[in-house]
Amino acid sequence: MSNLKLEIVSSRTVEGVDKENKFVAYMVQARQSRIIDPEPANAERRYTHFLELYNGLKKEYPASLNNISFPRKILVGNFDPSLISSRCAGFEVLLNLIANESRLRDSMAAIAFFQDVELNEARRLIGEEKYDQAFSVLETSFKLLSKVYTDRSRVVLSALCRIVACAGCSGGALAGPVERWAQLALRRYEAVSDSDLLLMYIPLLHTCISIWEILGRDKSKLVEELNSLRKRGMKVDSVPSLMEAIDNLNTSV
């Protein structure tokens, strides 16, 4: 049995700039199921996100979803409390299936569901140079993904490195807040051997060296690690930025 519990813990009606943009946001909570989880992870999703998840899984694993009845889309009455309650129940059936089947969690549809809302928002904020806001969004994303996937999975390592990369783009403004995340990323990489994931490691080291310099930390071990990789024949100079390395890795999937 999986140690993951996914459920809808609340919903709210979100007012847009006009009535046509009004929608219901459903709060998805991910937590450990076998213990009292002191830090569950929460993220809001709309009906369309659940629909995309269902359609994607149905396409990849039709047999697994044969007994799933997905809440249908309607044109009027979307904000009726009874409909919202019914949809919550239907969404939870789908989420429970995902929680208990690792192959469904690892599907592109599920990864997109758990990752893309926050990732797209963070990218928008980074593009607007609002690094502190993007940093907060990426922290929320990492906490959610860490509940759903393993510590050294591609999606979790990418999310962790993206937090560091965001701080690296901030010109030193986020060096303090990112230090613990950078240390965690370096520790996670101690047991990573997948060649594709290692493509992020050298840019990570460069970014951490810059952060350590800003904070006045001893960077000698990081420099030694780079030199060790250089002696092993790896290219450690003129490499992509950490953010570019993450994006290159994700687009190569």
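Residues numbered from 1 in each chain as written. Predicted model: local features only at pLDDT ≥ 70, side-chain atom pairs only at ≥ 80, totals over all residues. Heavy atoms only, no water.

For clarity, the cut-off: UniProt positions are given in the numbering used here, feature names are shortened, and annotations may be inferred rather than shown by experiment.
Per an unreviewed UniProt entry, the chain is named PX domain-containing protein, and its organism is Pieris brassicae. Here the chain is described in UniProt, under the heading Subcellular location (unreviewed entry), as follows: "Early endosome membrane".

Remarks on the sheet that holds strand β3 (residues 41-45)
Operational definition: Being paired, for any two strands, means DSSP has found at least two bridges between them. Under the DSSP-based scheme used, a helix requires at least four consecutive residues in state H or I and a strand at least two consecutive residues in state E, with every element numbered from the N terminus. Comment: axis = line fitted to C-alpha atoms, over the contacting stretch for helices; angle = value between 0 and 180 degrees taken between N-to-C directions. In what follows, a contact means two residues having at least one pair of non-hydrogen atoms within 4.5 Å.
One open sheet holds the three strands; their spatial order is β1-β2-β3, and the pairing between them is antiparallel. Two strands lie at the open edges of the sheet, namely β1 (4-14) and β3, each paired on one side alone. When the angles between neighbouring strand axes are averaged without regard to direction, this sheet yields 25 degrees. Of the strand pairs in this sheet, β1 and strand β2 (residues 23-32) are connected by ten bridges, and their pairing is antiparallel. Counterpart to L6 in the pairing with β2 is A30. Sheet strands in contact with helix α1 (residues 47-60) are β1, β2 and β3, and its direction is about 60 degrees off that of β2. Running over the sheet, helix α5 (residues 131-148) touches β1, β2 and β3 and is turned about 105 degrees from β3.

Focus: the packing of α1 against helix α4 (residues 108-127)
Rules: Note on angle classes: values under 35 degrees are labelled roughly parallel, values over 145 roughly antiparallel, values of 65 to 115 roughly perpendicular, and the remainder oblique. In this classification, the charged set is Asp, Glu, Lys and Arg, the nonpolar set is Ala, Val, Leu, Ile, Met, Phe, Trp, Tyr, Cys and Pro, and all remaining amino acids, among them Gly, are polar.
At a closest axis distance of 8 Å, the pairing of α1 and α4 adopts a crossing angle of 160 degrees. Judged on the interaxial angle alone, α4 and α1 are roughly antiparallel. Residue-level inspection shows H49, F50, L53, G56, L57 and E60 of α1 in contact with α4, the latter providing M108, A109, A110, F113 and V117. For the contact of α1 with α4, the class distribution of residues is eight nonpolar, two polar and one charged.

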